[in-house]
Amino acid sequence: MTSTSELAALDRRTLVHPHTTIGAPAEPLILDRGEGALLWDTEGRQYVDGTCGLWQCPVGHGRTELADVAAEQIRRLEFYSSFGDYSNAPSIRLAERLLSLAPAGLERVFFTNGGSEGNETAIKLARLAFHHAGSPERTVVLARTGGYHGMGGASLAATGIEGLRAGFGPLLPDVEWLGKPHAIEHGPDAADVLVAELEQRIAEIGAHRIAAFIGEPVLGVGGMVPPPDGYWPRVQEVLRRNGILLIVDEIVTAFGRTGHWFGSHHFGIEPDMIVTAKGITSGYVPMGAVLIGRRVLDLADGATFLHGFTYNGHPVGAAVALANIDIIERENLLERARVLGARLRARLDPLTELDHVREVRGVGLMLGIEFTDVPTASVQSGCRADGVVVRASGTSIVLSPPLVITEEQIDTLADVLCRHVAAAAS
């Protein structure tokens, strides 16, 4: 049997991990198994999972029923392309289920393998729809500083974290930036400031040139930042008045994370397209979906969408997604996200009394702690040494545990994190 040290050496020799330095491989934490909100490494050490990896696992780790569903579908039909007029029963049933859970006005589904592909799809479809409808000059995409939309060509171009775009050369043209939707950065009239900026930029660019606005209901990678009060209804009104499509990136916020099926429900958003992934299968199988509304369908009516990915509508992913949604519904995980999110928030709020903590914030079971000048990587590593996994994201520590996390595990997460946050200033 290969030892942990041998596996670690092999990892360093053979793999390039995402978001690591090429030629300087880090010592890996090699995970072996998971159950609920707990993880174990190959040395048998236990960790409370405070992040769901990349916030993808609402139903928790080790759900054998999802493994059984995947195995049964593989035995029946592992895969066949859904290009053209080919389809499969699980993807059809999943599309119907998603539309039944989504905000009103979304009528069709385009499947992907993940979130970056979903945002690529939505941006291309917005441009194609206007081109087909006789407005080919509508190519501009409005995006926001602090937003994260993926690592593809268009999705990275729309990502408002400058360091992530550096070094890759020219990306998708015609992306225009708006301010970060963070109340603490704009003062008590933050919504007024941001809406006025939006209207001014539309006037400068010309509404006739703008295809879409893309944004997350709550910034994820940008620090788990909820928008200022009243922001989304007002933004939506401005966009509608100017004929601009609204793409809502729900890759992080869907499937219970905010205490609702979609973050759009929480904020009263009526999207023209929703992009989702991650929690759709709880990460058990890679899958994503773009939910498409009537305005887009009307604009694009009759257009040929020459776009797709090999594994669109994968039957195994769709079967797992259906079972995953059943678990979320059966175990009332939406309510659990609200209740446990409030419990974790109450445990973390006293941190704001520390001089080096700028803000504690969040919605449902997605929370962020922003610091003034603390190296967040040291907080992350300290927590991990004490058996708790959190994530450093810029000047923030972000949290998004499985929705099945127990109250006792919430308290352990809070205790360890608070201890390391307090020690970070010393």
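A short tour of the structure in this document, coming up. Note that the coordinates shown come from a computational prediction; the quantities given were computed from them, not determined experimentally.

On to the sheet that holds strand 7 (residues 210–215). If you trace the 7 strands from one edge of the open sheet to the other, you get 4-10-9-8-7-5-6, paired in mixed fashion. On the outer flanks of this sheet lie strand 4 (106–112) and strand 6 (175–178), each paired with one strand and no other. Averaged over all neighbouring strand pairs, the angle between strand axes comes to 20°, with direction disregarded. Pairing of strand 9 (residues 273–276) with strand 10 (residues 288–293), which is carried by 4 bridges, proceeds in the antiparallel orientation. For isoleucine 274, the partnering residue across the bridge sits in strand 10 and is leucine 291. Across the sheet, helix 5 (residues 115–132) touches strand 4, strand 5 (140–144), strand 7, strand 8 (245–249), strand 9 and strand 10, and the angle it forms with strand 9 is around 160°.

An order of 1-2-3-13 is seen for the 4 strands of this open sheet, with the pairing classed as mixed. Edge positions in the sheet fall to strand 1 (31–35) and strand 13 (388–389), since each has one partner strand and no second. Direction of pairing for strand 1 relative to strand 2 (residues 38–41): antiparallel, over a ladder of 4 bridges. Directly across from leucine 31, in strand 2, lies its bridge partner aspartate 41.

Turning to the packing of helix 3 (residues 64–76) against helix 13 (residues 315–330), a few remarks are in order. Contact pair helix 3 / helix 13: the axes reach a minimum separation of 9 Å and the direction vectors enclose 150°. Taken as axis vectors, helix 3 and helix 13 run roughly antiparallel relative to one another. In terms of crossing hand, the pair formed by helix 3 and helix 13 is right-handed. When helix 3 is examined against helix 13, the residues Glu65, Leu66, Val69, Ala70, Gln73 and Ile74 are found in contact with a partner set consisting of Pro315, Val316, Ala319, Val320, Ala323, Asn324, Ile327 and Arg330. The class makeup of the residues in the contact of helix 3 with helix 13 is 10 nonpolar, 2 polar and 2 charged.

Let us look at helix 14 (residues 333–348). Along its 16 residues, helix 14 runs 22 Å from first to last C-alpha, staying within 8% of the 22 Å computed at 1.5 Å per residue. Residues of helix 14 that are buried include every one of Leu333, Leu334, Ala337, Leu340, Gly341, Leu344 and Leu348, and no others. Along the axis of helix 14, the buried positions cluster into a sector of 130°, meaning they face one direction only. Looking at the buried side of helix 14, the elements it contacts are helix 13, strand 11 (357–363), strand 12 (366–371), strand 15 (396–399) and helix 16 (407–423).

For an α-helix, 3.6 residues make a turn, and residues three or four places apart therefore share a direction. Helix length check: helix 13, at 16 residues, gives a terminal C-alpha distance of 22 Å against a target of 22 Å (1.5 Å per residue), a fit within 8%. Most of helix 13 is tucked away, with 13 of its 16 residues classed as buried. Count one or two residues on from helix 13 and you reach asparagine 332, which has phi positive near 55°.

The next subject is the packing of aromatic side chains. Overall, the coordinates contain 6 aromatic pairs when judged by the stated rule. Plain terms: the ring middles of phenylalanine 213 and tryptophan 232 are 6.1 Å apart, the flat faces sit at 80° to each other, and that makes the pair edge-to-face. Placement of phenylalanine 213 in strand 7 and of tryptophan 232 in helix 10 (residues 231–241) is noted, with a sequence separation of 19 residues between them. Considered together, phenylalanine 213 and tryptophan 232 belong to a single accessibility category, that of buried residues. Each ring, one from phenylalanine 255 and one from phenylalanine 262, has its centre 5.6 Å from the other, and the planes form 50°; the classification is tilted. When sorted by exposure, phenylalanine 255 lands in the same class as phenylalanine 262, which is buried. Taken together, the ring pairs in this structure connect Phe213, Tyr231 and Trp232 into an aromatic cluster. When the ring centre of tryptophan 40 is taken as reference, the NZ or CZ atom of arginine 33 above it lies at 3.9 Å. Sitting over the face of the ring of phenylalanine 130, arginine 138 holds its NZ or CZ atom 4.8 Å from the ring centroid.

Estimates place the volume of the second largest pocket at around 720 Å³. As for the second largest pocket, its lining consists of 28 residues, and the residues nearest its centre are Arg108, Val109, Phe110, Ile292 and Phe305. When residues of the lining of the second largest pocket are traced back to their parent elements, those giving at least two are helix 4 (89–101), strand 4, helix 5 and helix 12 (294–300).

About the thresholds
Residues numbered from 1 in each chain as written. Predicted model: local features only at pLDDT ≥ 70, side-chain atom pairs only at ≥ 80, totals over all residues. Heavy atoms only, no water. Pairing = 2+ DSSP bridges. Helix = DSSP H or I, 4+ residues; strand = E, 2+ residues; numbered from the N terminus. Axes fitted to C-alpha atoms, helices over the stretch in contact; angles between N-to-C directions. Contact = heavy atoms within 4.5 Å. Parallel < 35°, antiparallel > 145°, perpendicular 65-115°, else oblique. Left-handed = near helix turned anticlockwise from the far one by under 90°. Nonpolar A, V, L, I, M, F, W, Y, C, P; charged D, E, K, R; others polar. Expected span 1.5 Å × (residues − 1). Buried < 20%, exposed > 50% of the residue type's maximum accessible area, 1.4 Å probe, protein only. Arc of directions from axis to C-beta. Phe/Tyr/Trp six-rings, centres within 6.5 Å; stacked < 30°, edge-to-face > 60°. Lys NZ or Arg CZ within 6 Å of the ring centre and 35° of its normal. 1 Å grid on protein atoms, 1.4 Å probe; cavity = no way out; pocket = protein on both sides within 12 Å on 5 of 7 lines; lining within 4 Å. Points joined across faces, edges and corners; volume = space filled by probe spheres on them.

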